[in-house]
Amino acid sequence: VFTMEQALERLRHMIGFAGEWTSLLSFLPDGWGGDTRSRSATAATFAATLELARQGRLEIRQDGSFGPITVRRKPENT
């Protein structure tokens with residue numbers, strides 16, 4: 001199981017590189033393929049992105065129902 005705390009720590013280190021809109025899936029840990037592991041990592045990473053958005057550190061976008069979720073570091077001048 002990949003926890004939200006692990007995902008949050010991972011995203012905090014990686015978010016500095018996400019100046020452009022980047023797929024949420026690109027932030028999943030390497031080697032976490034497979035059904036159960038992939039779902040666990042995706043859910044934890046999504047929860048972590050919601051927390052960072054709440055803190056004002058990143059923005060989340062989804063263009064349409066069931067479309068890919070993308071994130072980026074919040075621009076500093078907004």
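Because the structure is predicted, anything quoted here is derived from the model rather than measured. (Residues numbered from 1 in each chain as written. Predicted model: local features only at pLDDT ≥ 70, side-chain atom pairs only at ≥ 80, totals over all residues. Heavy atoms only, no water.)

## Observations concerning the overall build of the chain
- What the chain contains, in helices and strands, is 2 helices and 3 strands.
- Starting at the N terminus, the α and β elements of the chain follow one another as α-β-α-β-β.
- Compactness check: the chain gives a C-alpha radius of gyration of 12 Å against a globular reference of 12 Å for 78 residues, within 12% of the reference.
- Looking at the chain residue by residue over its 78 residues, the buried ones come to 29%.
- When the accessible surface of the chain is split by element, carbon and sulfur atoms take 53% of a total near 5,100 Å².
- Separation between the mean location of the 10 positive side-chain charges and that of the 9 negative ones in the chain comes to 2 Å. (Helix = DSSP H or I, 4+ residues; strand = E, 2+ residues; numbered from the N terminus. Rg over C-alpha atoms; globule rule 2.2 N^0.38 Å. Buried < 20%, exposed > 50% of the residue type's maximum accessible area, 1.4 Å probe, protein only. Areas by Shrake-Rupley, 256 points an atom, 1.4 Å probe, with all protein chains shown as cover. Lys, Arg positive; Asp, Glu negative; His and termini not counted. Charge placed at Lys NZ, Arg CZ, Asp CG, Glu CD.)

## Some remarks on the pattern of salt bridges
- Scanning the model with the defined rule gives 3 salt bridges in all.
- In this structure, the salt-bridge partner of Arg-54 is Glu-51, at a minimum N-O distance of 2.6 Å. Of this pair, Arg-54 and Glu-51 both sit in helix H2 (residues 35-54), 3 residues apart, which is roughly one turn of that helix. (Salt bridge = Lys/Arg side-chain N within 4 Å of Asp/Glu carboxyl O.)

## Quick word on the nonpolar core
- Counting 14 residues, the largest nonpolar core has Phe-2, Ala-7, Leu-11, Ala-41, Ala-48, Leu-52 and Leu-58 as the members making the most contacts within it.
- The set of elements that each furnish at least two residues to this core consists of helix H1 (4-14) and H2.
- Considering every element that reaches this core, the biggest residue donor is H2, with 4 residues. (Core = buried A, V, L, I, M, F, W, Y, C linked by side-chain atoms within 4.5 Å.)

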